[in-house]
Every structure is written in structure tokens, then in C-alpha cells.
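# Structural overview
Each chain, letter by letter, is given below.
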Amino acid sequence: MKRRAFNRCILSALLGSAALAAGPVALAQNFPNRAIEIVVPFAAGGGTDAMARAMGDASRTHLTQPIVVLNKPGAAGGIGLTEVANAKPDGYKLALVTADMVIIPHLGLTKTTYEKFTPIIQLNADPSAITVAADSPYNTIEAFLEAARAKPESMQVGNAGIGSIWHLAAAALEDKTGAKFNHIPFNGGNPAVLALLGGHIDAVAVSPAEVMQYVKAGKLKPLAVMADARVPGFENVPTLKERNIDLSIGTWRGIAAPKGTPQPVLDVLGAAFRQAAAENSLKRFMAEQNLGYAVADQQTFTALMERDNTTFKALIEKFGMRQ
């Protein structure tokens with residue numbers, strides 16, 4: 001009797017394990033059977049929102065259900081990210097994530113960290129660029145940095161706000177070169193660029209996309225980009241690495257799911273999103289918006305988040321940016 005009871009226990013355990021193992025597979029086979037939500041943690045109308053909607057359109061023929069984009073702004077992205085992090089991890093509520101997700105926890109704006117998500121696909125990467133007015137006396141990044149070192153904190157460099165990715169980029173450049181800037185925060189990259197055009201500051205540390213039209217019009221000139229390779233549209237602008245400054249820093253965007261989402265579901269989403277990212281319609285959108293097209297898989301995107309989380313945490317602590 002004891003042996004029969006023992007055997008029944010073993011059989012039950014095996015059946016239970018088999019059911020658990022089959023569960024995610026069965027879920028993936030039926031996934032998706034309703035609309036998928038992508039939460040954009042910023043207001044409608046911006047570049048991140050537009051990218052989410054373009055991705056949703058490009059995904060139509062690669063998923064059996066539509067994608068619905070929802071805007072949940074607030075707390076520098078913290079409100080939308082927290083909602084997705086706390087959602088049921090079944091693949092039906094995702095987040096359009098940006099580099100802000102590995103910045104704002106260290107600024108004290110949210111307790112929701114990147115570790116509460118599983119990345120699915122990276123879609124975009126835009127480096128910082130040091131840009132000055134067309135009539136600026138600085139024609140090279142070396143001359144610009146030499147002037148900043150000669151008179152510490154006299155060089156006024158605009159950014160998109162305290163603790164923003166562009167503030168961190170300028171701080172990282174200081175950290176690498178020994179220069180000392182006077183950081184001037186604005187409510188976004190565009191107001192900083194307008195201040196540069198008006199002659200109110202000496203330079204900006206924002207993305208190439210945010211200065212592209214003024215560079216083409218001959219009103220601004222970029223001195224260097226903080227990327228591993230030269231940027232399309234800025235082919236004549238050197239990278240910092242070409243100038244022996246080992247720094248590559250910028251923003252990125254992609255799609256992530258709540259941590260705990262079954263891998264078979266992530267595989268379905270990843271395959272569909274990779275196909276969508278290859279659509280000419282999405283590539284055209286990225287080019288028209290001057291957004292860097294950079295597609296990476298789950299593992300590569302995860303490694304990028306881990307690296308930037310470490311980098312930004314150290315910069316925020318060193319420069320006292322926590323709010």
C-alpha cells in the first residue's frame with residue numbers, strides 16, 4: 001500500500017510538471033487572441049508616440065490581432081512604466097521603453113526599474129551630438145574642449161532638463177575629458193536648440209535629429225557625435241572615438257514586456273516585431289523623422305539596458321543629479 005501511494009505521488013508530480021511545461025506552449029499557440037496594448041509613457045504627439053504608432057501599423061500583417069497604442073504620461077515616464085510593470089505578464093500589455101527607464105529610478109522619480117521588464121526588441125538608437133552656432137569660433141571638438149578647460153564652467157551647454165539623457169551625455173563628456181561646463185537645463189531638447197539659435201548659450205548636447213534641419217540650413221554646426229560610427233546625415237562629423245575620446249552615449253527606444261512573461265509568448269512577439277521592423281514603411285518613417293534605425297534582439301537589448309543602467313547610475317551619483 002505504501003509503495004502504491006508513493007508511486008501515485010510520483011505520477012501526480014510528473015503529470016503536474018508536464019502540465020506546467022505545456023502551459024506556456026499552449027498559451028503561445030493561442031496568442032494573441034485579442035488586441036495587444038503598447039503603453040507609451042509620454043504624451044501623444046512626440047517622437048516616441050509616433051514611433052509606437054508606426055510600429056503598430058507595420059505589425060498589422062505579422063500579428064493576428066491589432067496593436068492599440070495608449071498614452072500614459074507623467075513622472076518623466078514613471079507612471080506608464082509602472083502600470084506595465086504591474087500588469088499581468090501575458091503579452092497583452094507592453095511598453096514602448098526609452099533610455100529614460102534606466103535613468104529616472106536613479107533620479108528618485110520612480111521605484112520601477114528596468115529589471116521589472118523583459119526586453120523584446122530595440123528599434124532605435126540616437127547618440128548625443130555637440131553642436132554650436134554656425135558662427136561659433138569653435139570648429140573642432142578639440143578647440144571647444146580646450147576653451148571649456150581654460151575657463152571652467154564658463155561654457156554654457158544646453159540640455160533637455162536636469163538628469164535628462166542629454167544632460168548625462170554632457171556630464172559624461174566632462175568626466176572623460178576634464179572639461180567643466182555650465183549646464184543649462186531646458187524643458188526639452190527643442191527649447192535648448194532654439195536658445196542656441198538665439199545666441200543665448202554656447203552649445204547643445206542633443207541628438208542629431210533635433211538639430212538636423214538647422215545644420216542643413218547653415219545655422220548650426222555639429223562638432224562631434226557620441227557614437228561608435230558616423231551618423232547618416234552627419235557623415236562629415238567625426239565621432240568622439242575618432243578624436244581619441246572613448247565615449248559613446250545616447251538614447252534608445254524599443255518594446256518590453258512585464259517580467260515573467262512566458263518565453264514562448266515573447267518569441268511570438270519578437271518574431272512579429274522583427275518582421276515589422278523590416279517593413280519599408282517603418283524604415284521610411286524612421287528616415288523621415290531622422291531617427292536612428294537600430295534593431296536588436298532580446299539578448300542584445302538586455303545587455304544595452306544593463307550597461308546604461310550602470311553608466312547612468314554612476315553619473316547621476318557623481319554629479320549630484322538626484323531630485
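Here, every reference points to the structure presented above.
Quick look at the structure, then. Bear in mind the structure is a predicted one, so any value in this text is a computation, not a measurement.

## What about the overall build of the protein chain?
Looking only at helices and strands, the protein chain has ten helices and eleven strands in total. When the backbone C-alpha atoms are referred to their principal axes, the protein chain occupies close to 90 × 40 × 35 Å. With 323 residues in all, the protein chain has 48% of them scored as buried. Taking all contacts inside the protein chain whose residues are at least 6 apart in sequence as the whole, residues at least 24 apart take part in 77%. Surface summary for the protein chain: the accessible area is close to 15100 Å², and the carbon and sulfur share equals 53%.

## Focus on the sheet that holds strand β10 (residues 250–258)
A sheet is described by the order of its strands in space; here six strands give the open sequence β2-β1-β3-β10-β4-β11, paired in mixed fashion. On the outer flanks of this sheet lie β2 (67–71) and β11 (293–296), each paired with one strand and no other. Averaged over neighbouring strand pairs, the angle between their axes works out to 25° when direction is ignored. By the bridge criterion, nine bridges tie strand β4 (residues 117–127) to β10 in an arrangement that is antiparallel. Each bridged residue has a counterpart across the sheet, and for Pro-119 the counterpart in β10 is Ala-256.

## Re the nonpolar core
Formed by 68 residues in total, the largest nonpolar core has its most connected members in Val-97, Met-101, Phe-144, Leu-173, Phe-181 and Trp-252. Among the elements that line this core, the one with the most residues is helix α5 (residues 165–177), at eight residues. Within the second largest apolar cluster, 31 residues are counted, among which are Leu-63, Ile-67, Ala-272 and Ala-276.

## Some details on helix α3 (residues 78–85)
Among all positions in α3, only Gly-78, Gly-80, Leu-81, Val-84 and Ala-85 are buried. Buried residues along α3 cover an arc of 165° about the axis, so they all sit on one side. Among the structural elements, β1 (36–40), β3 (93–98), β4 and β10 are those in contact with the buried residues of α3.

## Structural notes on helix α10 (residues 298–318)
Given a rise of 1.5 Å per residue, 21 residues ought to cover 30 Å, and the 30 Å separating the end C-alpha atoms of α10 matches this to within 8%. By the burial criterion, the buried members of α10 are Gln-298, Phe-301, Leu-304, Met-305, Asp-308, Asn-309, Phe-312, Leu-315 and Ile-316. For α10, the arc enclosing every buried residue in end-on projection is 145°, short of the 170-degree limit, so these residues lie on one face. Exposed side of α10, more than 90 degrees from the buried face: Gln-299, Thr-310, Glu-317 and Lys-318 are the residues found there. For α10, the elements touching its buried residues are β3, β4, α5, β10, α8 (263–277) and β11. Directly beyond the C-terminal end of α10, a positive phi value near 60° is found at Gly-320.

## Here's the deal with the packing of aromatic side chains
Evaluation of the coordinates by the stated rule reveals four aromatic pairs. Their ring planes at 85° and their centres at 5.3 Å tell us that Trp-252 and Phe-301 sit as a pair that is edge-to-face. Here Trp-252, found in strand β10, pairs with Phe-301, found in helix α10; they are 49 residues apart in sequence, far enough to count as distant. Summarising the burial analysis for this pair, Trp-252 and Phe-301 share the class buried. Of the aromatic side chains, those joined through ring pairs into one cluster are Tyr-138, Phe-144 and Phe-181. Above the face of the Tyr-92 ring, Arg-34 is positioned so that its terminal group lies 3.7 Å from the ring centre.

Cut-offs used in this document
Residues numbered from 1 in each chain as written. Predicted model: local features only at pLDDT ≥ 70, side-chain atom pairs only at ≥ 80, totals over all residues. Heavy atoms only, no water. Helix = DSSP H or I, 4+ residues; strand = E, 2+ residues; numbered from the N terminus. Buried < 20%, exposed > 50% of the residue type's maximum accessible area, 1.4 Å probe, protein only. Contact = heavy atoms within 4.5 Å. Areas by Shrake-Rupley, 256 points an atom, 1.4 Å probe, with all protein chains shown as cover. Pairing = 2+ DSSP bridges. Axes fitted to C-alpha atoms, helices over the stretch in contact; angles between N-to-C directions. Core = buried A, V, L, I, M, F, W, Y, C linked by side-chain atoms within 4.5 Å. Arc of directions from axis to C-beta. Expected span 1.5 Å × (residues − 1). Phe/Tyr/Trp six-rings, centres within 6.5 Å; stacked < 30°, edge-to-face > 60°. Lys NZ or Arg CZ within 6 Å of the ring centre and 35° of its normal.

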